[in-house]
Each structure stands twice: as C-alpha cells, then as structure tokens.
Amino acid sequence: RAGGCLAEALVIASALAVPDPRERPLERAQAADQAHLRFRDDRSDFLSLVALWEFFADAQAQGLSHRRLVEACRAQFVSYLRLIEWRDVHRQLVATLEEAGWKWSPALPKTFDAPRYASLHKAVLAGLLGNIGVKSDADANYLGARGIRFHVHPGSGLARKSGKWILAAERTETSRLYARCAANIDPDWIEEVAGDRVTRDYFEPHWEEKRGEVVASERVSLYGITLVARRPVSYGAIDPAAARDVFIREALVPGALRTKGAFLARNRALIDDVAELEHKARRQDVLVDDATIAAFYAERVPAGVFS
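Calculation criteria
Sequence order as written defines residue numbering, which begins from 1 separately in each chain. Selection of residues for local features in this predicted model requires a pLDDT of at least 70, selection of side-chain atom pairs for listing and counting requires 80 or more, and totals for whole chains, interfaces and linings are taken over all residues. Based on all heavy atoms of the structure, the side-chain values leave hydrogens and waters out of the count. Two rings belonging to Phe, Tyr or Trp (six-membered ring only in the last case) form a pair when the distance between their centres is within 6.5 Å. Interplanar angles under 30 degrees mark stacking, angles over 60 mark edge-to-face geometry, and anything in between is tilted. Working definition: helices are DSSP H or I runs of at least four residues, strands are E runs of at least two. Numbering for both runs from the N terminus. Exposure categories follow from relative accessible area, calculated using a 1.4 Å probe and restricted to protein chains: below 20% of the type maximum is buried, above 50% is exposed, and the middle band is partly exposed. Definition used: whenever NZ (Lys) or CZ (Arg) falls within 6 Å of the ring centre and also within 35 degrees of the ring normal, the charge is taken to sit over that ring. In what follows, a contact means two residues having at least one pair of non-hydrogen atoms within 4.5 Å. Salt bridges are defined by distance alone: a side-chain nitrogen of Lys or Arg within 4 Å of a carboxyl oxygen of Asp or Glu. The term nonpolar core refers to a set of buried residues drawn from Ala, Val, Leu, Ile, Met, Phe, Trp, Tyr and Cys, joined through side-chain atoms within 4.5 Å.

We now examine the packing of aromatic side chains. The final tally for this structure, using the stated rule, is seven aromatic pairs. Ring plane angle 55 degrees and centroid distance 5.5 Å describe the contact between Trp-207 and Phe-247, whose orientation is recorded as tilted. You can see Trp-207 sitting in strand β6 (residues 199-208) and its partner Phe-247 sitting in helix α8 (residues 240-252), a full 40 residues away along the chain. For Trp-207, a relative accessible area of 10% puts it in the buried group. Arg-87 extends its terminal NZ or CZ atom over the ring of Trp-53, reaching a point 4.5 Å from the ring centre.

Dropping the structure here:
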C-alpha cells in the first residue's frame, strides 16, 4: 500500500500519465521560472508535483468562478486544461482502487519529514528501478542502468543540488540525455525495493577471529550499477562447504580459533613438541605439512561446521 503514502503516490502516478501542466513560453521563460519556484522542492521533483496538485486543490476550494480559476492558473504559468486532465486520471485511479476495496486517507501532508520522504520514494522507486543513477564525476554526470550516462535536466529542482544517487521518472534526449522529474534517494532503498533483482557477488572469504566465524565481502549491484562495493557478511549461510574449508585451514590448522575445548591446545602443544624435536635433530621431515593437518581435521569436523 505504498508504505502508507498511497494518497501522494496516486497524485504522482496520475501526474506522470499526462503532459506536465507547467508552461514555459519562450518569450516569458524567466517569469515562468520565477512563478514555478513556489512548487519547487530541492529534494524531489515528485514532491513538486504534489505541491502543484495542492495549489490547484486550494484554488478550487476557494469557490472561484471558472474564469477566475483559469486566470489563477495562468498567473502561475500552469495549464488549466492539463490540470483538469490530471484530476480526471486521478479520479479514475481512485475509483479503481475503491472498487478493489482499498481504503486510505485522501489527505496530503503539508511537510515531508525523512521517514515519509523515504516511504513515498520507495513506492515510486518500485516502478522505476531502471531509472536510477549514481553520480560518476565532477561534471554532474550520472551512470545509469546498463552503462547509460545522463545529466539532471536544468529545469529540475535538483539541477544545483542533486545528490550522489537519484531516481528519474524518465530520460529524454535533446543536446544531452537528461533525467526529468528526478529525486534524491538513498542506495539502501534500491537494495530493499529491488529484492531478488539485485546481483550479489562474494569474494575474499576468511576467518574472522573476533566474530568467531568465516566472513566474506559482499558486492551488491543492480543493472550494472554497484550499490554496495564491499560489505562483510557471514559466509557460512552462503556457501557452507567453502566456509567449512576456510574454517579448517585458517582457524583450526594455525590454532586461531578461540575455544574452551582442550583439543586445540593439546594439538598445538604436540606440534610445538615435534617442531622442537626437529630443531634438536636438525631434521625437517618429522612434522607433517598443513595440508595433512587440514585433512586430519576434515575427517573429524562434521559438515556444516564453520564457526
């Protein structure tokens, strides 16, 4: 149910289904940009759409005549007809959900704190995972899915304050490939929303003495974009057999395991005794090698033991 933000999600979904109501005539471009500032949100163009929706709703609530309503829209350089079309699409979406038995509060929040911002943009992200991007250089160039590179559109509220990670409703190509209707997002949201669609690679498994288990580094990516470059994870749940081999080689053979079990101390003492014997006898062929010791433990340590 859109993380408790269904009312806002319906406004945004219906907005993306119609032409942008904001107008920018060439001969009055500066005046239009100034008028549109009242709707701008520096974090998210999706929230700018919510602000525009609220403007029209408030104007209608004042009981203005049709002519005055059209004039109020024209003063803000927004199209009255496109706003009506937007509301029609929104009404259809609401009717469809109500027929399906959905219930929610139609009231829109006046402010978006961090938790609500996150909930709404996770909901939007669920349908636009292919439109994520991560800033790749000082030129505000973004790396998108499958190697696509793009820029934030100059008319976006994020044009001067875009974060490292963004989400866009669409990408259009003019002189450059631009992301339109964009928002700053957290990469953790991408991993959460994408679920099984992310790719997870594991490398450098090793014995972690403080944790008392075999740990590997995890790399998480989606559509060729790295979300997490390196994160320690328990390797036993991922590859029990390989984790057991590491456990034997790096924890048991060198005696690096912290344990109250007396066996390890006895075995280390025996190895020390043999090493001392070799030293006194000036021989190097008495003590078995690490591979033989590892085989000794492998015969005795049950499958599935890696910590």
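Moving on, we come to the environment of Leu-158. Structurally, Leu-158 is set in the loop between β3 (149-152) and β4 (165-173). Separated by 22 residues in sequence, Leu-158 and Arg-180 have C-alpha atoms that sit 9.9 Å apart. Ignoring sequence-local partners within four residues, the contact set of Leu-158 consists of Asp-41, Asp-42, Arg-43, Ser-44, Asp-45, Val-152, Ile-166, Ala-182, Ala-183 and Asn-184.

With that out of the way, let us pick up the pattern of salt bridges. Throughout the structure, instances matching the rule amount to 17 salt bridges. A salt bridge links Asp-20 to Arg-22, with the nearest nitrogen and oxygen atoms 3.0 Å apart. Given a relative accessible area of 25%, Arg-22 falls into the partly exposed group. The closest approach of N and O atoms between Lys-110 and Glu-54, which form a salt bridge, is 3.3 Å. Highlighted residues: Lys-110 in the loop between α5 (80-99) and α6 (114-125) and Glu-54 in helix α3 (residues 45-61), separated in sequence by 56 residues. For Lys-110, a relative accessible area of 68% translates into the label exposed. Through salt bridges with shared partners, a single network forms among Glu-191, Arg-200, Glu-218 and Arg-231.

Buried together is how nonpolar side chains tend to be arranged in soluble globular proteins. By size, the foremost hydrophobic cluster in this structure holds 50 residues, and its most contacted members are Phe-46, Trp-86 and Ile-190. Per-element accounting of this core gives the leading share, nine residues, to α3. The next biggest cluster of nonpolar side chains, apart from the first, holds 18 residues, and it includes Ala-216, Leu-257, Ile-293 and Tyr-297.

Keep in mind that these numbers describe shape and distance, not what the molecule does.
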